[in-house]
Amino acid sequence: MELFNEIIQTLLSGVSIGCIYGLVALGFVLIFKATEVINFAQGEMMVLGAFIALTLINVFGFSYWAALLLATVGLGIFGLILERLVLRSLIGEPVFAIVMLTIGLGYFVRSSVSMVPTWGTDTYGFTTPFTDKAARYGELVLSWEQLAIIFMTIALILILFAFFRYTRMGVAMRATSQNQLAAVYMGISVNRVFSLTWIISAAVGGFAGVLLSPITFVHMNMGFIGLKAFPAAVLGGFSSIPGAIVGGLIIGVTESLAGVYLPIGWKDVAAWIILIGVLIIRPQGLFGIQEKKKV
Amino acid sequence: MPLLQVRNIETYYGPIMAIKGVSLDVEEGDIVTILGANGAGKSTILKTISGVMDPEKGTIEFMDQRIDGMSPDKIVRMGITQVPEGREIFHDLTVKENLMMGAYLRKDRSETQEDLEIVHDYFPVLKARSSQLGGNMSGGEQQMLAIGRAIMATPKLLLLDEPSLGLAPFLVKEIFEIIKRVNDEQKTTILLVEQNALIALSLARIGYVLELGRIVKEDTCKELMENEDVKEFYLGVKEESIRGSKRWKRKKKWR
Ligand SMILES: Nc1ncnc2c1ncn2[C@@H]1O[C@H](COP(=O)(O)OP(=O)(O)OP(=O)(O)O)[C@@H](O)[C@H]1O
Ligand SMILES: [Mg+2]
């Protein structure tokens, strides 16, 4: 029983951190599918989201839910500005140049955060409706902070799923990522699709940052978790929302199991070992599809 | 004033001039065809009209308004929709979603629904395969999907780039019958680009012959079918009477 509870708790913490990896991976995938750019500043979207929520809650006395909503929307606006001011002028430049730019952007965001008064380089926390709460089933204790991450991730995925499936703009975004030229022939404005892609990815990043805050606390380097979301995205095939989430879950759970049952050090390489293993067997990733074209 | 008036357009791929001063008119309600061999510049003309490429020189007027240099989505909004060469359907969208993308710019939901039924009536296979992925359709079905998708935009002017490409003869016939019906029933004006001169000339009323980026001949299709050069070089009819003048020696006169 003891062991069973331990395993369940380990899995729970793995799944909850996996959800975060999955959300960040999803941000990578959305932008990559639309523009073939990998946005290495995706982790910094989390940092910004977390700091915005922190300020709203601790300084302005907002509720957790209002702060979550505003941080998400705020990052969406940040994504829009970023696309309009910086990325749009780079359309047509080599992809690697834009990728380098996103790396620079990550640095820029981190150092800006460290210079904002009251933000700086310290570690902060805020209380949430789930702080210090747990669901108990006899001996089994499940932390609400972790359960909440899972439920909120599911909620966000359902919203995104419905958007991409049932709304005209959502279908148009999928269409554009499949065949940009055809989208142009349909009268779809590719610029608008790109804007919206950055808006959604940045907003998802901000949302993930707020979710992650109770686990890792708020710090200018919390975005480095994006480094582990990258193998999650590759694992999922870099092509679909479910792929990104499943990739994130696999990495999160493996890492958490390795942290408990393997010698120290394995935790940090577990993600990469899994990734290499999967890529040897399925180079296109778990959910990746080989490109096919009818003539 | 014709619905579409193209005047002296020149279009480049980098330093390569693909269209060398083309002019053409398309009257409202008409079916007009451009014939030409591979590389003549047919697709380039259509791309220039739909705004995917901008002409370096010349003007394009549609419904008395300059459209050269406009962005493609504005041109679609004005009523020009192109069925691109090679179908260009959305592989990972369902057939229904593909069709609805044709109606992307439309706001009138109930009419859009009616038009979906019209398209299903033209191409029953698209109704039967409504939830199948576009990429899993056969080449012929994809061509129908591409045409159906364009009809969903209810354009005033439909640009068709080689709809017969890669299709079996009976399917070509079927698709061209539907194009004729769209012209009759939806009052859609059609500009058709083809290598299959026989079927294009029998469908269209006016024809232009394009060679190396220039229009070399313009006439009613009836006349073009009788033209010696068209017969020999586009319809593949051999003149038996001229003994001694070998095929490769014969020069086109375009008179
Ligand atoms: N992307 C491109 N880059 C450079 N040159 C191009 C490009 N596309 C076409 N061309 C050139 O422009 C000319 C016209 O091409 P276009 O595609 O319009 O011909 P087409 O009449 O449609 O031929 P086809 O019947 O083979 O489709 C050709 O000489 C072609 O080589
Ligand atoms: Mg062509």
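Remember, predicted model here, so these are calculated numbers, not experimental data.

Criteria and thresholds
- Residues numbered from 1 in each chain as written.
- Chains lettered and ligands numbered in written order.
- Predicted model: local features only at pLDDT ≥ 70, side-chain atom pairs only at ≥ 80, totals over all residues.
- Heavy atoms only, no water.
- Helix = DSSP H or I, 4+ residues; strand = E, 2+ residues; numbered from the N terminus.
- Rg over C-alpha atoms; globule rule 2.2 N^0.38 Å.
- Buried < 20%, exposed > 50% of the residue type's maximum accessible area, 1.4 Å probe, protein only.
- Contact = heavy atoms within 4.5 Å.
- Areas by Shrake-Rupley, 256 points an atom, 1.4 Å probe, with all protein chains shown as cover.
- Lys, Arg positive; Asp, Glu negative; His and termini not counted.
- Charge placed at Lys NZ, Arg CZ, Asp CG, Glu CD.
- Pairing = 2+ DSSP bridges.
- Axes fitted to C-alpha atoms, helices over the stretch in contact; angles between N-to-C directions.
- UniProt positions renumbered as here; feature names shortened; annotations may be inferred.
- Domains from an automatic or database assignment.
- Buried area = accessible area lost by both parts, 1.4 Å probe.
- Salt bridge = Lys/Arg side-chain N within 4 Å of Asp/Glu carboxyl O.
- Polar contact = N/O pair within 3.5 Å; in protein donor to acceptor, adjacent residues only side chain to side chain.
- Nonpolar A, V, L, I, M, F, W, Y, C, P; charged D, E, K, R; others polar.
- Donors = N, O, S within 2.8 Å, 3.2 Å for Na, K, Ca; no water.
- Near = heavy atom within 4 Å.
- Core = buried A, V, L, I, M, F, W, Y, C linked by side-chain atoms within 4.5 Å.

## Focus: the overall build of chain B
- When helices and strands are counted, chain B shows 10 helices and 10 strands.
- For chain B, whose C-alpha radius of gyration is 19 Å, the value lies close to the compact-globule estimate of 18 Å for 255 residues.
- Summarising its shape, the C-alpha atoms of chain B cover approximately 60 × 40 × 35 Å along the three principal directions.
- Per-residue burial for chain B yields a buried fraction of 55% across its 255 residues.

## Quick word on the overall build of chain A
- When helices and strands are tallied, chain A shows 11 helices and two strands.
- Secondary structure elements of chain A, listed N to C terminal, follow the sequence α-α-α-α-β-β-α-α-α-α-α-α-α.
- C-alpha extents for chain A along the principal axes are approximately 60 × 50 × 35 Å.
- Considering chain A as a whole, with its 295 residues, one finds that 52% of them fall into the buried category.
- In chain A, 73% of the contacts between residues at least 6 apart in sequence involve partners at least 24 apart.
- Here chain A has roughly 13,700 Å² of accessible surface; of this, 71% comes from carbon and sulfur atoms.
- Counting 16 positive and 13 negative side-chain charges, chain A places the centres of these two groups 17 Å from one another.

## Regarding the sheet that holds strand β3 (residues 31-36) of chain B
Residue and element names in this part refer to chain B.
- Taken in spatial order, the six strands make up an open sheet running β6-β7-β8-β3-β9-β10, and their pairing is mixed. Because the sheet does not close on itself, it has two edges, and the strands there are β6 (80-83) and β10 (214-220). For this sheet, the mean inter-axis angle between neighbouring strands, taken without regard to orientation, is 15 degrees.
- Judged from the four bridges that link them, β6 and strand β7 (residues 157-161) form a sheet pairing that is parallel. The residue bridging Val-83 from the neighbouring strand is Leu-160, located in β7.
- Those strands touched by helix α6 (residues 139-151) are β6 and β7, and its axis lies near 175 degrees from that of β6.

## A short note on the UniProt feature "transmembrane region" (unreviewed entry) in chain A
- The feature "transmembrane region" (unreviewed entry), as given by UniProt, occupies residues 12-32, 39-57, 63-82, 89-109, 146-164, 193-212 and 270-289 of chain A in the numbering adopted here.
- Along residues 89-109 of chain A the backbone is 71% helical and 0% strand, and the end-to-end C-alpha distance reaches 20 Å.

## With respect to the domain arrangement of chain B
All names here are of chain B.
- Taken domain by domain, chain B holds domain 1 (1-79 + 156-255) and domain 2 (89-154).
- Using C-alpha coordinates to define each centre, domain 1 is positioned 25 Å away from domain 2.
- Contact with domain 1, which involves 17 residues of that partner, is made by 13 residues of domain 2.
- Across the interface of domain 1 and domain 2, roughly 1,200 Å² is buried in total on both sides, 72% from carbon and sulfur atoms.
- Among the residues of domain 1 in contact with domain 2, Ile-175, Ile-178 and Gln-186 are the three that bury the most area, contributing 32% of the side total.
- Here domain 1 is connected to domain 2 by one salt bridge.
- Note that Asp-121 is salt-bridged to Arg-181, the shortest N-O span being 3.4 Å.
- Across the domain 1-domain 2 interface, the total number found is three residue pairs in polar contact (both at pLDDT 80 or more).
- Elements represented by at least two residues in the side of domain 1 that touches domain 2 include exactly α2 (72-78), β7 and α7 (169-185).
- Among the elements that make up the side of domain 1 that touches domain 2, the one with the highest residue count is α7 (seven residues).
- Of the residues contributing to the side of domain 1 that touches domain 2, the split by class is nine nonpolar, one polar and seven charged.

## Points about the coordination of the magnesium ion (ligand 2)
Residue and element names in this part refer to chain B.
- Surrounding the magnesium ion (ligand 2) are the protein donor atoms Ser-43 (OG) and Glu-85 (OE), at 1.9 to 2.4 Å. Of this pair, Ser-43 sits in helix α1 (residues 42-49) while Glu-85 sits in the loop between β6 and α3 (95-102), and the two are 42 residues apart along the sequence.
- We classify Glu-85 as partly exposed; its relative accessible area is 34%.

## A closer look at unusual backbone geometry
- Phi angles above zero are rare outside glycine, and Phe-217 of chain A is one such case at about 70 degrees.
- Summarising the element assignment, Phe-217 of chain A is placed in the loop between α8 (190-216) and α9 (226-235).
- Under the relative-accessibility criterion, Phe-217 of chain A is labelled partly exposed at 42%.
- Unlike most non-glycine residues, Asp-64 of chain B shows phi in positive territory, near 65 degrees.
- Judged by relative accessible area, which is 54%, Asp-64 of chain B ranks as exposed.

## What about the site of ligand 1?
Residue and element names in this part refer to chain B.
- Taken together, 13 residues are adjacent to ligand 1, and Lys-42, Ser-43, Thr-44, Glu-85 and Glu-162 come closest.
- Here an oxygen atom of ligand 1 and a side-chain polar atom of Asn-38 are 2.8 Å apart.
- The protein chains hide 63% of the 630 Å² of surface that ligand 1 would expose on its own.
- Of all the elements, α1 adds the most residues to the shell around ligand 1, at three residues.
- For the shell around ligand 1, the per-class residue count stands at four nonpolar, six polar and three charged.

## A few points about the interface of chain B and chain A
- Contact residues are listed per partner, giving 30 residues for chain B and 23 residues for chain A.
- Between chain B and chain A, the buried area comes to about 2,400 Å², and carbon and sulfur atoms account for 58% of it.
- Counting the surface chain B buries against chain A, the share from its top three residues, Phe-90, Met-101 and Tyr-104 of chain B, is 28%.
- In this structure, the connection of chain B to chain A is made through one salt bridge.
- For the salt bridge of Arg-174 of chain A with Glu-97 of chain B, the shortest nitrogen-to-oxygen distance reads 3.2 Å.
- Our count for the chain B to chain A interface comes out at eight residue pairs in polar contact (both at pLDDT 80 or more).

## A look at the side chain of Thr-35 of chain A
All names here are of chain A.
- With respect to the element layout, Thr-35 can be found in helix α1 (residues 2-35).
- On the basis of relative accessible area, Thr-35 is assigned to the buried category, the value being 19%.
- Among the polar contacts listed, one links the side chain of Thr-35 to the backbone oxygen of Ile-31, at a separation of 2.7 Å.

## Some words on the nonpolar core
- Leu-23, Leu-26 and Leu-211 of chain A together with Met-101 of chain B are the most contacted members of the largest nonpolar core, which totals 96 residues.
- Here this core gets 13 residues from one element, more than from any other, and that element is α1 of chain A.
- Here Met-101 of chain B is in contact with Arg-168, Val-171, Ala-172, Ala-175, Met-186 and Ile-188 of chain A together with Phe-90 and Leu-93 of chain B, once residues within four sequence places are set aside.

## So, the pairing of strand β1 (residues 134-137) of chain A
- Two elements, β1 of chain A and strand β2 (residues 140-143) of chain A, share four bridges in a ladder whose sense is antiparallel. Bridged to Ala-135 of chain A within β2 of chain A is Leu-142 of chain A.

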